[in-house]
Amino acid sequence: MSSQERTIRTGLHTTVRVDTMLTSALIAEFIAPSDHVWLVSPWITDVQIIDNSHGAYDALFGDVPPQNCRLSDAIARIAHGGAMIHVVTRPDAHNDDFLRRLKKAAEPERIHSVRELNIHEKTLCGHDWMLSGSMNFTIRGMSKNDERVTYTAGIDAAAQARLDLAERWGDAA
């Protein structure tokens, strides 16, 4: 199967944001979690991913739907669905809040985290999709900085990325 890609340039200059693309990818993971999900980013902020203030996503969340869903909560929900979550980020205090919330919300055996000083790659990857490019998963990366982000749909490209990531940082399997 060949891959299909869509590249967008986000930021204040283009007024294009990555939010809806990221939200769609994570909602798809809620419904059908991948076996392994990789989040690789030097800096990660526990940003709001899903605005549920109008109840548009109530059906996804069950009996007590939140008004907002942060990245850590979204990733934890995917882990609860059965995915093994791999997070690779720098050993920087900026990332501590996200990691602390993720580890509190998810089953510990479903989280594999690596702190790597020299990481510069930015990738979020599931079974058959991948979001990659220049964007850190931070408020600035997602809403202010000029970034190039590519969404790739296709099992082959995602499988190769997961193999490459697992070779570099292990897969805790």
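Below: a short report on this structure.

The rules behind the values
Along each chain, residues carry numbers from 1 onward, in the same order as the chain's sequence is written. With the structure being a predicted model, the display of local features is reserved for residues of pLDDT at least 70 and the display and counting of side-chain atom pairs for 80 or more, all residues being used for whole-chain, interface and lining totals. Where side-chain values are given, they derive from all heavy atoms of the structure, hydrogens and water being excluded. In this scheme, strands are said to pair when DSSP sees at least two bridges between them. The numbering of helices and of strands both runs from the N terminus, where a helix is a DSSP run of H or I of at least 4 residues and a strand a run of E of at least 2. For helices, the fitted axis covers only the stretch in contact; all axes are lines through C-alpha atoms, and the angles between them, taken along N-to-C directions, range from 0 to 180 degrees. By the convention used here, residues are in contact when the closest approach between their heavy atoms is within 4.5 Å. Any residue under 20% of the maximum accessible area for its type is buried, any over 50% is exposed, and the rest in between are partly exposed; the area is computed with a 1.4 Å probe on protein chains only.

So, about the sheet that holds strand β6 (residues 111–115). Note on sheets: strands pair through backbone hydrogen bonds, and any given pair is parallel or antiparallel. Pairing is mixed across the open sheet formed by seven strands, whose spatial order is β1-β9-β8-β7-β2-β5-β6. Taken across any chain shown, the strands that pair with only one partner, and hence form the sheet edges, are β1 (4–10) and β6. Along the sheet, successive strands turn relative to each other by an average axial angle of 10°, direction set aside. Taken together, the three bridges between strand β7 (residues 123–125) and strand β8 (residues 129–133) define a ladder with antiparallel strand orientation. By the bridge assignment, L124 is partnered in β8 with L131. In the packing of helix α1 (residues 19–31) onto the sheet, the strands contacted are β1, β2 (36–40), β7, β8 and β9 (147–153), and the crossing angle to β8 comes to about 150°.

When you line up the elements, V47 lands in the loop between β2 and β3 (48–51). Taking the relative accessible area as the measure of exposure, V47 reaches 7% and is therefore buried.

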